[in-house]
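Chain and residue survey
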2 protein chains.
Amino acid sequence: MTRCAPGGGGVRTSRSTRDNLDKSITLPPDEIFRNLENAKSFAIDIGERDERGRGPDDEPLYEISVQEEITARLHFVKFENAYIETCLDFIKAHLVNTETKVIKATGVDKEDEMTCLIKGCNFVLRNIPHEAFVYVKHADPEFRFQTTHPDIFPYLLVNIGSGVSIVRVESEDQFERIGGSSIGGGTFWGLGALLTKTKRFDELLQLASKGQHTNVDMLVRDIYGGSYESLGLTGDLIASSFGKSATTDKEFTKEDMAKSLLHMISNDIGQLACLYAKLHNLSRVYFGGFFIRGHPLTMHTITYSINYFTKGEVQALFLRHEGYLGAIGTFLKGAEEDNPNQYSWGENYAGSSGLMSTSPEVHPMQRARSGTFDMLEMDRLERQLVNLPLLLDASSYVPDTVDLTEDAMAREYWLSCFEDALDGVVKRAVASQPLALDAAERAEKFRQKYRHKLQTLRHQPFAYGSLTVRSLLDTREHCLNEFNFPDPYSKAGFVRSLISRIKINGKYARPWLVDAYDDWLERLKGPPHKCALFFLLSRGTEIILASNSGPALNDVTCSELAIVTERIAAMDTVIRTALNQDKLLLVQSGSSSPCLDLSRLDKGLATVVRERKTDLVVIEGMGRAIHTNYYAALRCESLKLAVIKNAWLADRLGGKIFSVVFKYELAPP
Amino acid sequence: MTRCAPGGGGVRTSRSTRDNLDKSITLPPDEIFRNLENAKSFAIDIGERDERGRGPDDEPLYEISVQEEITARLHFVKFENAYIETCLDFIKAHLVNTETKVIKATGVDKEDEMTCLIKGCNFVLRNIPHEAFVYVKHADPEFRFQTTHPDIFPYLLVNIGSGVSIVRVESEDQFERIGGSSIGGGTFWGLGALLTKTKRFDELLQLASKGQHTNVDMLVRDIYGGSYESLGLTGDLIASSFGKSATTDKEFTKEDMAKSLLHMISNDIGQLACLYAKLHNLSRVYFGGFFIRGHPLTMHTITYSINYFTKGEVQALFLRHEGYLGAIGTFLKGAEEDNPNQYSWGENYAGSSGLMSTSPEVHPMQRARSGTFDMLEMDRLERQLVNLPLLLDASSYVPDTVDLTEDAMAREYWLSCFEDALDGVVKRAVASQPLALDAAERAEKFRQKYRHKLQTLRHQPFAYGSLTVRSLLDTREHCLNEFNFPDPYSKAGFVRSLISRIKINGKYARPWLVDAYDDWLERLKGPPHKCALFFLLSRGTEIILASNSGPALNDVTCSELAIVTERIAAMDTVIRTALNQDKLLLVQSGSSSPCLDLSRLDKGLATVVRERKTDLVVIEGMGRAIHTNYYAALRCESLKLAVIKNAWLADRLGGKIFSVVFKYELAPP
């Protein structure tokens, strides 16, 4: 199963239970613990264990991971210490007594902590697109998300908790702690507390953000009057951290000392990380731990340090879900008998709270909220997702045509567009469940949730990595699912949709916006294709008809297509013969989106594509061929076909609404 | 010239000048500036320049290097800031107006600082035996001096001043600053001052020596209750420096914080040094800078750190004259037109104040004194000194038979022995200069100086590296030289000495203490040797007669031997023929000691040894064959001959006074 089953998952915590919960703790929001009751197993990561259960803030965080019994979904919740008792009471009352529950906690087996961390890291790198990012302080956006490389190993993980652990990860099961340092987050916090009398980690960071380290540090120019050119040292390089306080009697401000301390520690860790990366010939270095955990200031100082020491050869990479690694790893370790790596996973945008990283003074409220409850939900797909074997270069393939985190105008348009369309979607959702009494109520909740998501994305476009039309569509699907509208377009829509698509060719006057139709006709005079992926039905070419595994908008799903195809076959000899001779295959794509990510296709489809020596790929529809894959380079011939059903987009592409795109690309030489 | 010319050098600063000097500054002791007046050139290193002229203590040190005009000797003086004015006045009044003076100061040309440091480092490594040492805190002695390796390159120099510079030195002229860190001595001092309100560097070290870092640092066992075995982390490893001060509200003592800070910084530098050493495949890593400068505590913490991070593969090495590197390099750079590397140099034990390193609380007075004035004098030999080409393994050759720093009983005996002999030496010195009116006065000064040296060595046996009978003899010679007794044994002694040596064979009844005489006679029945080094005169074997370049005790010098040989040749046909046929060569050894260091021989001798294909080495005399070289392994046959003229030593070797040693060793297979 790839999604929340109707009526399953999310909202079934009974009203009374939730009320009791609300009474006893006021907060948290009722959605936080909602999934615990249906959980099959759950894992608790008791936070930064080297703080003896205390996190970096005065109110340390706990993490809980839950796997639901009915839906194949993982829930990870981080919440403040204050709620741990409530949580445990809830667990005890509702979960422990049932036979099916399995309780795992990393706190128990100390030896497993690092193992869990690495497992979690491997998991997010493998399963969450745009998990890793580079931080660029003055850029807009400040996050540059990395396309997930198909082969994630080897890499270096620098975990900066109280101290620093530097771990080389070789494979899923092999890692080695190759170095470490006692100068870590605990040192910033501990020394910072002694120097500034400020006991809170976040406050120390705030102080640091306002300080001038040059008042405390001795710079190269303080010694030499300028740069030390023969040694390649610039004048503003720190020669000695806190060097000025050695010989001066004046008082230093808390801000300046905190800043100096931050630089000292970040630079040191940066240099160590670089040296270990060089020594072990590793180019991918991920930073995590509570010192990093989304703090822009520490991400910036670490990045700066890495750039300085490697002269740009190595990039400092951070992880969106770095704070969940331990919890994820704990769960995976507990679920090892299930072999979780045989599945694929996808982030559920409805259930995940997203990256809330902003500098403390800009969005103090958001940080506070984020610090209280953070959630990550992962949907499980029973099958593995892999690259389309025909991708020209899988490591550089980017499915989305426009990155809305970078294109502010496009972002503004599409966010408004989706907001404007919300009324219609709500209506359609209610209409899709005429027999459900609470459909209107649920649809209203969906509206609020999705609108809130859109508002959040307006301010934090990087919240889920890259922002694209695809991710906006996916988020809407996820939100609909959360409120039990798995398929608002079911029944009525799909046959009409299918039929309309087949008619495109005759309906629009040429020349089209992108018109390679003549080239294509010319090509058809040549030797027939061995096997086409997607949609073509003539000339003896085998056809793999890939369609969505799950519903998305009015797109036809694989199971629906099977029904339709059967009906057509009953009427049409060509289709019937093709099916009987195994020349027309219906295969699910692995996607449940109107868009298409060719790097996350069902493994079965990939196998068939390879076996049949597919030499033509046809990608059809605005979501699959325009919003995504418009620039995708393949190793074989391809057709990208769509009607631009959006005026703004048509205008951007230099056409009008209902312009036709008929893009025909040859195989590269 | 290899030594102070009679009447030259040291003591000629006029009484009146010295009095004026004394009046104006009370201290320094009159010997400090005594040599400035005769200086041909001098260099001033204005201390730790990155402190803007301030050293690590409240009274920073200045360094002056002087080269005398008459004698080939370098003087390096370090003294407190307080005396800089006096020094400059003195220089101005006495030196600047004369045409011959050249003034160099590193302070002027900032680009040269590192170059000078490296030049100085190369110089001491090349020219001062036992310059480098390993520090072993609980060992006795705590210093383990390293035999100077003939090839000093490549090495890593980690200079810990305010910050840290990590420099790879490839050759005499090639070096690269490959790394560095802002966490250095200035950080210890600066952060220490902020945390403890203690402004003096030495006091901070004293605080640290009394502290318990475990009260402030979070250890692995504080987190995990013990070790973290799967990661190989022991329980007492520091997980987070100052980690306990992050979460605890209690007050920490100054001592504990200072200790924690020291560990933090030392461990960090240690790890960086190790990583750079590994990355550049270097096994020799020298540490210097004011953070180190003889402080046992910092040498210990750095050593500990290096041992931890390299698992013993790399040793932390320190330098006895680390504090002089800048001054030496400054001088050498100034004297580049002289090509100083064509000479050899030797430490003058009379003029050098030696290593005074002890923990601050044990010898606070000595440290204070040492901090006020430190001196190093280097004697120049006009020729290069090299290894005897016949040494079996030059890199493992150790000239001295007994290391008195390790053998406490032997040390006690020899120190007393030399003290007891002092009266006799003084008498002989006076007698050697019957025409000098001030001989008695100078001899008395010699007595005081040498006795003081012996007393110092009793408490600081490591003051000049290794302590040996050879170094005690050398020190006596140097002290005699300093007071213008270059050769107390001149004239009267030497002929008698030479004659007596020739008679040894017939004088003592066999069997001798070591008696290989029969083996030797048997050998003589075999094929004659091609060329013998030293003393043999028969059977057609060529002879190289190596004798001292300068006087030592009653040993014959090369120039004296020339006279004697001439006289003998006039009387003896065999000798005359040998000389005429170039089969008897008189060559100076390069040594001015009754002992013999085969790794510092005159280059001319080494050339002849090689050219003549020498296959027998005869080493004769207690100093050359017993105190030194008794265990020396050679590539050819060797004879080691001596009469033990010391009851204690004879007893130790299992014999009686006047026991004969006749050691005959074959060439290794």
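Since we're looking at a predicted model, the values are computed, not measured.

**Side note on the overall build of chain A**
Summing up its helical and strand segments, chain A has 23 helices and 24 strands in all. Taking all 669 residues of chain A together, 61% fall into the buried category. Across chain A, every contact between residues at least 6 apart in sequence was considered, and the portion connecting residues at least 24 apart equals 70%. In the form shown here, chain A has an accessible surface area of approximately 27000 Å², with 52% of it arising from carbon and sulfur atoms.

**With respect to the relation of the copies chain B and chain A**
If you rotate chain B by 180° and push it 0.0 Å along the axis, it lands on chain A with an RMSD of 0.1 Å. The transformation relating the two chain copies, once decomposed into turn and shift, fits a two-fold axis. An overlap of 100% is found between the interface residues of chain B and their copies at the interface of chain A, pointing to a shared contact surface.

**With respect to the interface of chain B and chain A**
Listed as interface residues are 58 residues of chain B and, on the opposing side, 59 residues of chain A. Summed over both partners, the interface of chain B with chain A buries about 5000 Å², with 58% contributed by carbon and sulfur atoms. The interface formed by chain B and chain A holds zero salt bridges in total. Where chain B meets chain A, there are 20 residue pairs in polar contact (both at pLDDT 80 or more). Elements with a minimum of two residues in the side of chain B that touches chain A: helix H3 (113-127), strand S9 (175-181), helix H4 (185-196), helix H6 (220-224), strand S11 (238-240), helix H7 (244-247) and helix H8 (254-279) of chain B.

**Topic: the domain arrangement of chain A**
Parsing chain A into structural domains produces domain 1 (31-45 + 70-131 + 327-361 + 369-382), domain 2 (132-216 + 252-319), domain 3 (411-483) and domain 4 (493-665). Summarising the inter-unit geometry, the C-alpha centres of domain 2 of chain A and domain 3 of chain A are found 36 Å apart.

**Quick word on the sheet that holds strand S12 (residues 284-288) of chain B**
Residues and elements named next belong to chain B. Judged by pairing direction, the sheet is mixed, and its seven strands sit side by side in the order S6-S5-S13-S12-S7-S8-S9 without closing on themselves. The open sheet has two free edges, formed respectively by strand S6 (143-145) and S9, since each of these has just one partner strand. Averaged over neighbouring strand pairs, the angle between their axes works out to 35° when direction is ignored. Sheet analysis places S12 next to strand S13 (residues 315-319), joined by four bridges and oriented parallel. Bridged to Tyr-286 within S13 is Leu-317. Strand contacts of helix H9 (residues 296-310): strand S5 (132-135), S6, strand S7 (155-160), S12 and S13, with the helix running at about 155° to S13, the strand carrying the most contacts.

**Here we look at the packing of helix H4 (residues 185-196) of chain A against H4(B)**
Interhelical geometry of H4(A) versus H4(B) gives an angle of 55° and a closest axis separation of 9 Å. Here H4(B) runs oblique to H4(A), going by the angle between their axes. At the point where H4(A) passes H4(B), the crossing takes the left-handed sense. Packed against H4(A), whose contacting residues are Leu191(A), Leu194(A) and Leu195(A), the element H4(B) presents Leu191(B), Leu194(B) and Leu195(B) at the interface. Among the residues making up the contact of H4(A) with H4(B), the classes are represented as six nonpolar, no polar and no charged.

**Section: the pattern of salt bridges**
Scanning the entire structure with this criterion turns up 45 salt bridges over all chains. A salt bridge links Arg458(A) to Glu412(A); its shortest N-O distance comes to 2.8 Å. Placement of the pair is Arg458(A) in helix H14 (residues 439-459) and Glu412(A) in helix H12 (residues 408-420), with a sequence separation of 46 residues. Residue Arg458(A) is classed as partly exposed on the basis of its relative accessible area of 27%. Its relative accessible area of 40% is what places Glu412(A) among the partly exposed residues. One salt bridge connects Arg168(B) with Glu170(B), and the closest N-O pair in it is separated by 3.4 Å. Glu170(B) sits in the partly exposed class, given a relative accessible area of 35%.

**What to know about the packing of H4(B) against helix H5 (residues 201-210) of chain B**
All names here are of chain B. The geometry of H4 relative to H5 is characterised by a closest axis approach of 10 Å and an angle of 75° between their N-to-C directions. In terms of orientation, H4 and H5 fall into the roughly perpendicular class. Touching Gly-185, Phe-188, Trp-189, Gly-192, Ala-193 and Thr-196 of H4 are Phe-201, Leu-204, Leu-205, Leu-207 and Ala-208, all from H5. Residue composition of the contact of H4 with H5, grouped by class: eight nonpolar, three polar and no charged.

**Comments concerning the sheet that holds strand S5 (residues 132-135) of chain A**
Backbone hydrogen bonds hold the strands of a sheet together, and the pairing may be parallel or antiparallel. Residues and elements named next belong to chain A. Judged by pairing direction, the sheet is mixed, and its seven strands sit side by side in the order S6-S5-S13-S12-S7-S8-S9 without closing on themselves. Sheet topology places strand S6 (143-145) and strand S9 (175-181) at the edges, where each strand pairs with a single neighbour. Along the sheet, successive strands turn relative to each other by an average axial angle of 35°, direction set aside. Relative to strand S12 (residues 284-288), strand S7 (residues 155-160) runs parallel, the two being bridged by four bridges. Looking at S12, one finds that Leu-157 is bridged to Tyr-286. Of the strands in this sheet, S5, S6, S7, S12 and strand S13 (315-319) touch helix H9 (residues 296-310), which is tilted by about 155° from S13.

**Let's talk about the environment of Ala246(A)**
Here Ala246(A) is to be found in helix H7 (residues 244-247). The spatial distance from the C-alpha of Ala246(A) to the C-alpha of Met218(A) is 9.6 Å, given a sequence separation of 28 residues. In contact with Ala246(A), other than residues within four places in its own chain, are Gly186(B), Trp189(B), Gly190(B) and Lys199(B).

**Some details on the pairing of S9(B)**
Residue and element names in this part refer to chain B. Relative to S9, strand S8 (residues 164-169) runs antiparallel, the two sharing six bridges. When the sheet's bridge partners are listed, Arg-168 is paired in S9 with Glu-176. Between S8 and S9, which pair antiparallel in sequence order, lie five residues.

**A short note on the nonpolar core**
Counting residues in each nonpolar core, the largest one holds 108 residues, and the members touching the most others are Val158(A), Phe188(A), Phe287(A), Val158(B), Phe188(B) and Phe287(B). The residues touching Val158(A), leaving out its near neighbours within four places in the chain, are Val164(A), Ser165(A), Ile166(A), Ile269(A), Ala273(A), Val285(A), Tyr286(A), Phe287(A) and Gly288(A).

**Comments concerning the packing of aromatic side chains**
Under the criterion given, the structure shown has 56 aromatic pairs over all chains. What links up through ring pairs into an aromatic cluster is the set Phe133(A), Tyr135(A), Phe143(A), Phe145(A), Phe287(A), Phe318(A) and Phe462(A). The ring of Phe485(A) carries the charged tip of Arg442(A) above its face, separated from the ring centre by 4.8 Å. Above the plane of the ring of Tyr630(B) lies Lys663(B), whose end atom (NZ or CZ) is 3.8 Å from the centre.

**Regarding the side chain of Lys640(B)**
All names here are of chain B. Here Lys-640 is to be found in strand S23 (residues 637-644). At a separation of 3.2 Å, a polar atom in the side chain of Lys-640 contacts the main-chain carbonyl oxygen of Tyr-630. Ignoring any residue separated from it by four or fewer positions in sequence, one finds Lys-640 in contact with Ile-619, Ala-625, Asn-629, Tyr-630, Tyr-631, Ala-632, Val-661, Phe-662, Lys-663 and Glu-665.

Calculation criteria
Residues numbered from 1 in each chain as written. Chains lettered and ligands numbered in written order. Predicted model: local features only at pLDDT ≥ 70, side-chain atom pairs only at ≥ 80, totals over all residues. Heavy atoms only, no water. Helix = DSSP H or I, 4+ residues; strand = E, 2+ residues; numbered from the N terminus. Buried < 20%, exposed > 50% of the residue type's maximum accessible area, 1.4 Å probe, protein only. Contact = heavy atoms within 4.5 Å. Areas by Shrake-Rupley, 256 points an atom, 1.4 Å probe, with all protein chains shown as cover. Least-squares fit on C-alpha atoms with pLDDT ≥ 70 in both. Buried area = accessible area lost by both parts, 1.4 Å probe. Salt bridge = Lys/Arg side-chain N within 4 Å of Asp/Glu carboxyl O. Polar contact = N/O pair within 3.5 Å; in protein donor to acceptor, adjacent residues only side chain to side chain. Domains from an automatic or database assignment. Pairing = 2+ DSSP bridges. Axes fitted to C-alpha atoms, helices over the stretch in contact; angles between N-to-C directions. Parallel < 35°, antiparallel > 145°, perpendicular 65-115°, else oblique. Left-handed = near helix turned anticlockwise from the far one by under 90°. Nonpolar A, V, L, I, M, F, W, Y, C, P; charged D, E, K, R; others polar. Core = buried A, V, L, I, M, F, W, Y, C linked by side-chain atoms within 4.5 Å. Phe/Tyr/Trp six-rings, centres within 6.5 Å; stacked < 30°, edge-to-face > 60°. Lys NZ or Arg CZ within 6 Å of the ring centre and 35° of its normal.

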